[in-house]
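# Structural description and commentary
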Amino acid sequence: MNEAEGPTRVNTALEPPLTPGGRIETVALCRNEGSDRAPDWAAYTVDDWVVFPWEAPPTGIELVALTSPPKGRTL
């Protein structure tokens, strides 16, 4: 198993308290399709920069709003 396929720091840190057969799943609001790692669950798959509502919008760039994700969408 190479590093990309191996456990993450989160898995390593949480593994001892897991019950036998337990599984850690990850979730992200937005997954970048260019990433070599993917969460178990994501609402959106994007191929561009995402500006969240709590961030200051960049200047000089036209922003495109994301539509609501389908309920229960997974990767």
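Presented here is an overview of the structure given in this document. (Residues numbered from 1 in each chain as written. Predicted model: local features only at pLDDT ≥ 70, side-chain atom pairs only at ≥ 80, totals over all residues. Heavy atoms only, no water.)

Moving on to the overall build of the protein chain. Within the protein chain, the regular secondary structure consists of one helix and two strands. For the protein chain, the α and β elements follow one another from N to C terminus as α-β-β. The buried share of the protein chain, reckoned over its 75 residues, is 13%. Long-range pairs, those at least 24 residues apart, make up 30% of the contacts in the protein chain between residues at least 6 apart in sequence. Carbon and sulfur atoms provide 56% of the accessible area of the protein chain, an area that totals close to 6600 Å². (Helix = DSSP H or I, 4+ residues; strand = E, 2+ residues; numbered from the N terminus. Buried < 20%, exposed > 50% of the residue type's maximum accessible area, 1.4 Å probe, protein only. Contact = heavy atoms within 4.5 Å. Areas by Shrake-Rupley, 256 points an atom, 1.4 Å probe, with all protein chains shown as cover.)

Turning to the packing of aromatic side chains, a few remarks are in order. Following the criterion strictly, the structure yields one aromatic pair and no others. Relative to W54, the ring of F52 has its centre 4.9 Å away and its plane inclined at 5 degrees; by these criteria the two rings are stacked. Note on W54: relative accessible area 67%, which makes it exposed. (Phe/Tyr/Trp six-rings, centres within 6.5 Å; stacked < 30°, edge-to-face > 60°.)

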